[in-house]
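# Topology and contacts: notes
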Amino acid sequence: MTDYADIDMILKPWAEKHELHVYVRDRFPPLRSLIIYYWRGKHHESAGHMWLEKQEDGRVNLHGASPQWHLEKTVTIPELETALEDMFQSMINKPVWD
(Lines give C-alpha, C1' and ligand atoms only; values in the text may rest on other atoms or scores of the structure.)
Protein backbone atom coordinates (compact mmCIF):
# COMPACT_ATOMS: atom_id res chain seq x y z
CA MET A 1 0.00 0.00 0.00
CA THR A 2 1.20 3.50 -0.81
CA ASP A 3 2.31 5.60 2.13
CA TYR A 4 0.81 9.11 2.04
CA ALA A 5 2.53 10.46 5.18
CA ASP A 6 4.75 12.86 3.19
CA ILE A 7 1.75 14.11 1.20
CA ASP A 8 -0.49 14.42 4.26
CA MET A 9 2.12 16.60 6.03
CA ILE A 10 1.63 19.17 3.26
CA LEU A 11 -1.97 18.54 2.19
CA LYS A 12 -3.75 18.60 5.55
CA PRO A 13 -2.36 21.97 6.81
CA TRP A 14 -2.93 23.48 3.37
CA ALA A 15 -6.55 22.25 3.33
CA GLU A 16 -7.14 23.49 6.88
CA LYS A 17 -5.93 26.97 5.87
CA HIS A 18 -8.68 26.99 3.20
CA GLU A 19 -11.28 25.38 5.51
CA LEU A 20 -11.45 22.26 3.31
CA HIS A 21 -11.89 18.66 4.42
CA VAL A 22 -9.54 15.97 3.11
CA TYR A 23 -11.24 12.68 2.33
CA VAL A 24 -8.86 9.79 2.91
CA ARG A 25 -9.07 6.46 1.14
CA ASP A 26 -6.31 4.07 2.15
CA ARG A 27 -7.68 1.00 0.38
CA PHE A 28 -6.74 0.20 -3.21
CA PRO A 29 -6.12 2.50 -4.92
CA PRO A 30 -5.23 4.85 -2.08
CA LEU A 31 -5.89 8.52 -2.70
CA ARG A 32 -6.76 11.84 -1.13
CA SER A 33 -9.64 14.02 -2.32
CA LEU A 34 -11.25 17.37 -1.53
CA ILE A 35 -14.42 19.16 -2.59
CA ILE A 36 -13.55 22.75 -3.45
CA TYR A 37 -15.95 25.50 -2.36
CA TYR A 38 -16.01 29.24 -2.90
CA TRP A 39 -18.34 31.92 -1.57
CA ARG A 40 -21.06 33.25 -3.85
CA GLY A 41 -22.90 35.99 -2.02
CA LYS A 42 -24.12 34.62 1.31
CA HIS A 43 -23.68 30.92 0.51
CA HIS A 44 -20.99 28.68 -0.85
CA GLU A 45 -20.93 26.80 -4.13
CA SER A 46 -18.90 23.81 -5.25
CA ALA A 47 -16.19 24.60 -7.79
CA GLY A 48 -15.57 20.90 -8.32
CA HIS A 49 -13.15 18.53 -6.65
CA MET A 50 -9.46 17.79 -6.42
CA TRP A 51 -7.77 14.46 -5.86
CA LEU A 52 -4.21 13.28 -5.44
CA GLU A 53 -2.62 9.98 -6.40
CA LYS A 54 0.92 9.12 -5.41
CA GLN A 55 3.02 7.51 -8.14
CA GLU A 56 5.48 4.72 -7.50
CA ASP A 57 8.37 7.12 -8.25
CA GLY A 58 7.24 9.40 -5.38
CA ARG A 59 5.73 12.12 -7.55
CA VAL A 60 2.09 13.15 -7.12
CA ASN A 61 -0.66 13.34 -9.74
CA LEU A 62 -2.89 16.27 -8.80
CA HIS A 63 -6.27 16.53 -10.53
CA GLY A 64 -8.92 19.24 -10.49
CA ALA A 65 -12.29 18.68 -12.14
CA SER A 66 -15.80 20.01 -12.58
CA PRO A 67 -18.45 18.86 -15.06
CA GLN A 68 -16.99 21.13 -17.77
CA TRP A 69 -13.23 20.66 -17.40
CA HIS A 70 -10.34 18.64 -15.96
CA LEU A 71 -6.86 19.86 -15.03
CA GLU A 72 -3.95 17.57 -14.18
CA LYS A 73 -0.40 18.20 -12.94
CA THR A 74 2.36 15.84 -11.91
CA VAL A 75 4.64 17.31 -9.24
CA THR A 76 7.29 16.34 -6.72
CA ILE A 77 6.60 16.50 -2.99
CA PRO A 78 8.50 19.82 -2.59
CA GLU A 79 6.33 21.33 -5.37
CA LEU A 80 3.05 20.05 -3.92
CA GLU A 81 1.93 23.03 -1.82
CA THR A 82 2.43 25.47 -4.70
CA ALA A 83 0.63 23.10 -7.09
CA LEU A 84 -2.29 22.73 -4.67
CA GLU A 85 -2.64 26.50 -4.36
CA ASP A 86 -2.39 27.04 -8.12
CA MET A 87 -5.02 24.36 -8.79
CA PHE A 88 -7.30 25.75 -6.06
CA GLN A 89 -7.06 29.31 -7.42
CA SER A 90 -7.76 28.07 -10.96
CA MET A 91 -10.85 26.26 -9.73
CA ILE A 92 -12.37 29.06 -7.67
CA ASN A 93 -11.68 31.57 -10.46
CA LYS A 94 -13.46 29.32 -13.00
CA PRO A 95 -16.66 28.37 -11.15
CA VAL A 96 -19.01 25.69 -12.44
CA TRP A 97 -21.86 28.13 -13.06
CA ASP A 98 -19.85 30.37 -15.44
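Fair warning: this is a prediction, and the values are worked out from it, not measured in the lab.

Before going further, it helps to spend a moment on the packing of aromatic side chains. Counted by the stated rule, this structure contains one aromatic pair. Consider the rings of tryptophan 14 and phenylalanine 88, whose centres lie 5.6 Å apart with planes at 85 degrees: the pair is edge-to-face. With tryptophan 14 in helix H1 (residues 5–17) and phenylalanine 88 in helix H2 (residues 80–92), this residue pair connects regions lying 74 residues apart in the sequence. Comparing tryptophan 14 with phenylalanine 88, the two get one shared label, buried.

This structure, assessed with the given rule, holds four salt bridges. The salt bridge involving aspartate 6 is made with lysine 54; its shortest N-O contact spans 2.9 Å. Remark: lysine 54 occurs in strand E3 (residues 43–54) and aspartate 6 occurs in helix H1; sequence separation between them is 48 residues. On the accessibility criterion, aspartate 6 (29% relative accessible area) is partly exposed. We note a salt bridge from arginine 32 to aspartate 8, for which the minimum N-O separation is 2.9 Å.

What counts as what
- Residues numbered from 1 in each chain as written.
- Predicted model: local features only at pLDDT ≥ 70, side-chain atom pairs only at ≥ 80, totals over all residues.
- Heavy atoms only, no water.
- Phe/Tyr/Trp six-rings, centres within 6.5 Å; stacked < 30°, edge-to-face > 60°.
- Helix = DSSP H or I, 4+ residues; strand = E, 2+ residues; numbered from the N terminus.
- Buried < 20%, exposed > 50% of the residue type's maximum accessible area, 1.4 Å probe, protein only.
- Salt bridge = Lys/Arg side-chain N within 4 Å of Asp/Glu carboxyl O.

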